[in-house]
There are 2 protein chains.
Amino acid sequence: MKLLPETLELITEQLSRFPGIGKKTAQRMAFDLLKWPADDVRRLGELIKASVDKIGTCSICGLIAETDPCPICAHPNRDSSVICVVEDTMDVVAIERTGRYRGKYHILGGILSPLEGVGPDQLNIESFIQRLDAVDEVILALNPSVEGETTALYLARLLRERPIKMTRLARGVPMGGDLEYIDEATLGRALEERNPL
Amino acid sequence: MKLLPETLELITEQLSRFPGIGKKTAQRMAFDLLKWPADDVRRLGELIKASVDKIGTCSICGLIAETDPCPICAHPNRDSSVICVVEDTMDVVAIERTGRYRGKYHILGGILSPLEGVGPDQLNIESFIQRLDAVDEVILALNPSVEGETTALYLARLLRERPIKMTRLARGVPMGGDLEYIDEATLGRALEERNPL
């Protein structure tokens, strides 16, 4: 005898596919759904279904978007001569939140990782090369990790022959950070790259 | 300019309504969905929509089920003279997993909690009373908390006039527990209610 409704089991199974959502959390979510107003549940189901057809990636920069080109590539007032290279769309969200950047982006859709079998072919690099002719500066805004450094070096080598300025995000102590608790690698780097006051 | 697709924002907003799912986790889930095969996403959306019409509660015991009566109430070989009262469907799942119970259930759909404004009227008690005529034993399997005790006392008072045996789950040290780490309330209770070997 199956005790729980099959639909509930199937929803639990699918929800537990999300990263960070275990079997228990997925089950709690499925049960919680039964307490929602019927219209809200239908709406969530409809939104999830609609995401397949409505959301895609920008054919120029690779940003997750509902339009192609995406709002940033289509924006008339953003500086096309600067491209900021990031790993994924969430990084663009983070940079946009600063309000300090008016150039364009390029989303790699991942990061080089020989260990996980991610090579240049799996990344959105081909279309990046095609954009470089009208570009003066490329900012590498990759995560400060081994994979981030590897990817940055790979891209730097690709751009070596071109008259393009390459920069990357400054490393140092984070704003509001407490020196006592900052790891030695960050603090060491901040010391080496100290700026005149 | 809206940066992220509206559908994605709406999905994030809805997912963060689930208990234990914060804004960040919901956003990570929404982004992850974009990497799923299209058919799987459509299927999840369809399942969630279908849950509204397919899943209900058993009109006899209150169990969440796709059929009415539920599989347990409809089962010919379960003992109708014993009813085990629980807070919700998850408790039934836990008890069924033990494989030690062959009676029926009654799901209160909550627990008395004056602090949170949950009174007897909000619980599935009316239909419980109607089931009592053919019942010999009521097992109160409520959580060992203040609310659980309050609810148990309330139900005990309701049943006082009837020739029904009332029992509740044994309290004591959990199997596999380490005496050193068991809280004093549990250990105290286990001492008081010690059994002959």
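Residues numbered from 1 in each chain as written. Chains lettered and ligands numbered in written order. Predicted model: local features only at pLDDT ≥ 70, side-chain atom pairs only at ≥ 80, totals over all residues. Heavy atoms only, no water.

Okay, the overall build of chain A next. Secondary structure summary: chain A contains eight helices and six strands in total. When the helices and strands of chain A are listed from N to C terminus, the series reads α-α-α-β-β-α-β-α-β-α-β-α-β-α. The globule rule puts the C-alpha radius of gyration for 197 residues at 16 Å, and the 22 Å found for chain A is more than 25% above it. Considered along the principal axes of its C-alpha atoms, chain A spans approximately 70 × 45 × 35 Å. Evaluated residue by residue, chain A yields a buried proportion of 41% over its 197 residues. Of the contacts formed within chain A by residues at least 6 apart in sequence, a portion of 47% connects residues at least 24 apart. In chain A, 24 side chains carry a positive charge and 30 a negative one; their mean positions are 3 Å apart. (Helix = DSSP H or I, 4+ residues; strand = E, 2+ residues; numbered from the N terminus. Rg over C-alpha atoms; globule rule 2.2 N^0.38 Å. Buried < 20%, exposed > 50% of the residue type's maximum accessible area, 1.4 Å probe, protein only. Contact = heavy atoms within 4.5 Å. Lys, Arg positive; Asp, Glu negative; His and termini not counted. Charge placed at Lys NZ, Arg CZ, Asp CG, Glu CD.)

All right, on to the pairing of strand E3 (residues 79–86) of chain B then. Residue and element names in this part refer to chain B. E3 sits mainly inside the fold: six of its eight residues count as buried. Summarising the sheet, E3 and strand E4 (residues 103–107) pair through five bridges and their orientation is parallel. Bridged to Cys84 within E4 is Tyr105. A crossover links E3 with its parallel partner E4, the connecting element being helix H5 (residues 89–98), and its sense is right-handed. (Pairing = 2+ DSSP bridges. Right-handed = clockwise from strand over helix to strand, strands pointing away.)

Before going further, it helps to examine the side chain of Glu137 of chain A. Residue and element names in this part refer to chain A. In this structure, Glu137 sits in strand E5 (residues 137–140). Nearest to the buried, unbridged Glu137 among oppositely charged side chains is Lys165, at 4.1 Å. Residue contacts for Glu137: discarding those within four places in its chain leaves Ser81, Val82, Ile83, Ile164, Lys165 and Thr167. (Salt bridge = Lys/Arg side-chain N within 4 Å of Asp/Glu carboxyl O.)

Here the focus is the interface of chain B and chain A. Facing 54 residues of chain B, the contacting portion of chain A comprises 54 residues. Sorting the residues of chain B by area buried against chain A places Leu3, Phe18 and Ile48 of chain B first, and these three jointly supply 12% of that buried surface. Across the chain B-chain A interface, the total number found is six salt bridges. With a closest N to O distance of 2.5 Å, Lys49 of chain B and Glu46 of chain A form a salt bridge. The interface formed by chain B and chain A includes 10 residue pairs in polar contact (both at pLDDT 80 or more). If you list the elements that add at least two residues to the side of chain B that touches chain A, you get helix H1 (6–15), helix H2 (23–33), helix H3 (38–54), strand E2 (64–65), helix H4 (71–74) and H5 of chain B. Broken down by element, the residue count for the side of chain B that touches chain A peaks at 15 residues, all from H3 of chain B. Within the side of chain B that touches chain A, the residues separate by chemical class into 32 nonpolar, eight polar and 14 charged. (Buried area = accessible area lost by both parts, 1.4 Å probe. Polar contact = N/O pair within 3.5 Å; in protein donor to acceptor, adjacent residues only side chain to side chain. Nonpolar A, V, L, I, M, F, W, Y, C, P; charged D, E, K, R; others polar.)

What follows deals with the packing of aromatic side chains. In the structure shown here, the tally under the stated rule is four aromatic pairs over all chains. Note that Arg17 of chain A overlies the ring of Trp36 of chain B, its terminal NZ or CZ placed 4.1 Å from the centroid. (Phe/Tyr/Trp six-rings, centres within 6.5 Å; stacked < 30°, edge-to-face > 60°. Lys NZ or Arg CZ within 6 Å of the ring centre and 35° of its normal.)

Moving on to the sheet that holds strand E5 (residues 137–140) of chain B. Residues and elements named next belong to chain B. With parallel pairing, the four strands of this open sheet are ordered in space as E4-E3-E5-E6. In this open sheet, the two strands that pair with only one neighbour each are E4 and strand E6 (165–168). Averaged over all adjacent pairs, the angle separating strand axes in this sheet is 25 degrees, with direction ignored. Across four bridges, the pairing between E3 and E5 is parallel. (Axes fitted to C-alpha atoms, helices over the stretch in contact; angles between N-to-C directions.)

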